[in-house]
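What follows is the residue order along each chain.
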Amino acid sequence: VTVTDTKKADGVYFHLCHMENGELSVGDKVVLKVDGVRRNAIRRNHSACHLLQAALRQVLGAHVEQAGSYVDENRVRFDFAHYAPLSEEELDKVETLVNRHILAAESVNTVETDVEEAKKAGAMALFGEKYGKVVRMVKMGDFSTELCGGTHVSNTGNVGLFKIISETSVAAGTRRIEGTTGFGVLQLMADKDRLIADTAKELKAPNPHDIAKKAAQVETELKAEKSRVEALESRIASEKLSSLLEEKKEFKGLSLLLSKTENMTVEAVRAFCDNLREKDPSCVVLLGLVNEGKLNLICSVGKNAQQKGVNAGTLVKTAAQVCGGGGGGRPDSAMAGGKFPEKLPQAFQAVLELLEKLPE
């Protein structure tokens, strides 16, 4: 029979169990055998929890109070009242302080007394916790004194080492630290060593100590490659957009270009439109850019065209409404989005009808 949990009711402890095999009847005598390896790991993490609280109060201040905790054979989780994330320096101080008291191999003593005497001795107690007439006070050297009924090591040196794994927020004004001790620290180190080795292998760094240098080298190469690709894409986009100039036509004294283009960046198209506006004061250009089904409408209007009453914001808004979108901008430059790229021909027609109303 494996014990999975224990509960206490009216001073009686109940063992919740799972029947692995065999039979069990009322009146049978059973022998309780504790899993020593697991129990010792729990002891290490639990004692580290006490040391952690004492260290946090010393580093951060007396406002630190326990807001919850969890301990098993693998880790310790401690929630506490604090108003801000801990800095790397603060975490390092806390971790160092806990390990200093572990390596000092201080005695862990338990004393049964009453609540008032425990408080006089400086014992930490959980706010709102109900304590009986007799309480158990756990004292670790002169560093930590708490009321606790749990299992602990007999000497802080038995904890081995303590390592913080993470520090996060769980609620407003409540922080959480997770850590591990003993063999958990060794496992953590082994995992990191494996990660370093795997990273070195992927970066083709013969010596793991060179991974930072190798990573920086790869990053530099990627930036150079990215710049080269961007330059090529810009050149291709420029040539592709330049070919649209063949579609430009004269309309009511305007140099009009209404066209669709695909698979280019918004930045490239805007740059093309702005450049065209600067070169040709009479230009009115509205391009529908389609990328993976997404539509952007980009419009530029030259100075002479503006003087005739053409407004880029009005044109782009008119086209966007036809394509199920919206947007706007300045009289000389505007942009909008649309949901239906297939309606671009109707949008261009709506713009033409708007321009038809301009005086000759």
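The coordinates are above.
Model, not experiment: these values are computed from the prediction.

*Asks:* Please clarify how the sheet that holds strand β11 (residues 254-262) should be interpreted in this entry.
*Replies:* Think of a sheet as strands paired side by side through backbone hydrogen bonds, with each pair either parallel or antiparallel. An order of β10-β11-β12-β13-β15-β14 is seen for the 6 strands of this open sheet, with the pairing classed as mixed. Each edge of the open sheet is held by one strand with a lone partner, namely β10 (249-251) and β14 (326-329). Strand-to-strand, the axes of this sheet are offset by a mean angle of 20 degrees, without reference to chain direction. Summarising the sheet, strand β12 (residues 283-291) and strand β13 (residues 294-301) pair through 8 bridges and their orientation is antiparallel. Along β13, the bridge assignment pairs V284 with V301.

*Asks:* I would appreciate a short explanation of the environment of V76 in the present structure.
*Replies:* For V76, the position within the fold is in strand β4 (residues 76-81). Given a relative accessible area of 1%, V76 falls into the buried group. Non-local contacts of V76, meaning those with residues more than four positions away in its chain, are made with N45, C49, Y70, V71, F162, I177, E178, G179 and T180.

*Asks:* Which parts of the structure should I look at to understand the pattern of salt bridges?
*Replies:* In the structure shown here, the tally under the stated rule is 15 salt bridges. K120 is the partner of E117 in a salt bridge, and the nearest nitrogen-oxygen pair spans 3.7 Å. Highlighted residues: E117 and K120, both in helix α3 (residues 115-120), separated by 3 residues, approximately one helical turn. K120 sits in the exposed class, given a relative accessible area of 66%. Residue D191 pairs with R194 through a salt bridge whose shortest N-O separation is 3.1 Å. With a gap of 3 residues between them, D191 and R194 both fall in helix α4 (residues 183-202), about one helical turn apart. Judged by its relative accessible area of 47%, R194 falls in the partly exposed class. Each of the salt bridges in this network shares a partner with another, and the network as a whole consists of D274, R277 and E278.

Conventions and cut-offs
- All residue numbers here refer to positions counted from 1 along the written sequence of the relevant chain.
- Given that the model is predicted, a residue must reach a pLDDT of at least 70 before its local features are reported, and side-chain atom pairs must reach 80 or more before they are shown or counted; all residues, however, enter totals for whole chains, interfaces and linings.
- Excluding hydrogens and water, the side-chain values take into account all heavy atoms of the structure.
- Here, any two strands with at least 2 DSSP bridges between them count as paired.
- Helical segments are the DSSP runs of H or I of at least four residues, strand segments are the runs of E of at least two, and each set is numbered from the N terminus.
- All axes here are fitted lines through C-alpha atoms, helices being fitted over the stretch that makes contact, and every angle between N-to-C directions spans 0 to 180 degrees.
- For the exposure calls, accessible area comes from a 1.4 Å probe over protein chains only, and a residue counts as buried if that area is under 20% of its type's maximum, exposed if over 50%, partly exposed in between.
- Only heavy atoms enter the contact rule, under which two residues are in contact if any of them lie within 4.5 Å.
- We define a salt bridge as a contact between a side-chain nitrogen of Lys or Arg and a carboxyl oxygen of Asp or Glu at a distance within 4 Å.

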